[in-house]
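These are the residues of each chain, in order.
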Amino acid sequence: MLVQDAKNLVIERGGVLNCLGPKLGARFDYDADLRPLFPLIKGNLANAQLYDRPERVQFLLDGILCTIYAQEVVAAPFLERDQVLRFIHRLTATLNDLYTRRHSLGRNHRKTTMLPVYDIYRLLPGTNCTACGQPSCLAFAAALSRGRSYPDRCPGFRQPIAHHAVYPVYDQNGNLVSTLEMELAADADELNRQAQPTREHPAVALLTAREEEVLRLLAKGASNPEIAVALAISPHTVKTHVGHLFDKLGVNDRTQAAVWAHTHHYL
Ligand code: SF4
């Protein structure tokens, strides 16, 4: 399965909805279904992450954040069209190299899963003391959900019901409703790395200026019609921006997007 040249290339400045900005984004297709390469990409390219729903792999290649969904590729940011073309050439060569050496390369099938933020939040003391390095308990729950922190950073985190970090989740009546399993901190270096300024998250490079505006308003609790009025755009356009935000940030709903914005200092 060697990958042929890309087709259906679309290059957009500042996103698909005329959000003016200096950066270009690109999307294009390959003829082949690239999903068999995902474990190879995860196992051999720096910063690669596998995700479900939709199934995709995301990684940095030459400073470009690249997401591959089966046959479709989305990548950004670029400064000019020629840079896009060079990147496609580089990506195609990289994928073909992985495929050619597939029998000698390692694979990593582990997917990045997001634990439910609200269930994690219910394990926390709710005091917003910031001892965990996050501005609030909700932000800490979001960081745990995305695997960017560890339970033992919060001194008041509920004790696990088993030695290997299985945490009980109770409802308001004290009934055990579910359990969560999490990895404890590996070492201090890893904790320090996780605590670096969060605006360096690679997804930040994908956000257009308009999407950042929508994210800030959404994080303040504004509805789509309110955002539409504030930005003088249609509610339909807002809805499209919100959908793109969810996809780029890897969140499932407005609450998670708001927590993400809070965590990454977008307010
Ligand atoms: S240390 Fe625990 S209680 Fe304090 S803000 Fe962080 S999660 Fe909340």
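Residues numbered from 1 in each chain as written. Predicted model: local features only at pLDDT ≥ 70, side-chain atom pairs only at ≥ 80, totals over all residues. Heavy atoms only, no water.

In terms of nonpolar packing, the biggest core is built from 30 residues, with Tyr 30, Ile 41, Phe 59, Ile 68, Leu 91 and Leu 95 touching the most fellow members. Mapped onto this core, the elements with two or more residues apiece are strand S2 (24-29), helix H1 (38-44), strand S4 (56-61), strand S5 (64-69), strand S6 (72-78) and helix H2 (81-100). Looking at this core, the element that brings in the most residues is H2, giving 7 residues. With residues near it in sequence (within four places) discarded, Ile 41 still touches Ala 48, Val 57, Phe 59, Ile 68, Leu 95 and Leu 98. Ranked by size, the runner-up nonpolar core spans 20 residues in total, among them Leu 207, Val 214, Leu 218 and Ile 233. (Core = buried A, V, L, I, M, F, W, Y, C linked by side-chain atoms within 4.5 Å. Buried < 20%, exposed > 50% of the residue type's maximum accessible area, 1.4 Å probe, protein only. Helix = DSSP H or I, 4+ residues; strand = E, 2+ residues; numbered from the N terminus. Contact = heavy atoms within 4.5 Å.)

Attention shifts here to the environment of Gln 256. Assignment of secondary structure puts Gln 256 in helix H9 (residues 254-263). Its relative accessible area of 14% is what places Gln 256 among the buried residues. Taking the C-alpha atoms as reference points, Gln 256 and Tyr 118, 138 residues apart in sequence, are found 9.3 Å from one another.

Bringing the sheet that holds strand S1 (residues 7-13) into the picture now. Pairing within the open sheet is antiparallel, and its 6 strands lie in the order S1-S2-S6-S5-S4-S3. Each of the sheet's edge strands pairs with one partner strand only, and the pair in question is S1 and strand S3 (49-51). Direction aside, the axes of adjacent strands within the sheet are offset by 15 degrees on average. Alignment of S4 against S5, held across 5 bridges, turns out to be antiparallel. Considered in S5, the bridge of Gln 58 is made with Thr 67. (Pairing = 2+ DSSP bridges. Axes fitted to C-alpha atoms, helices over the stretch in contact; angles between N-to-C directions.)

Neighbouring the ligand are the residues Pro 125, Thr 127, Asn 128, Cys 129, Thr 130, Ala 131, Cys 132, Ser 136, Cys 137, Phe 140, Cys 154 and Pro 155. The class makeup of the residues in the shell around the ligand is 8 nonpolar, 4 polar and no charged. (Near = heavy atom within 4 Å. Nonpolar A, V, L, I, M, F, W, Y, C, P; charged D, E, K, R; others polar.)

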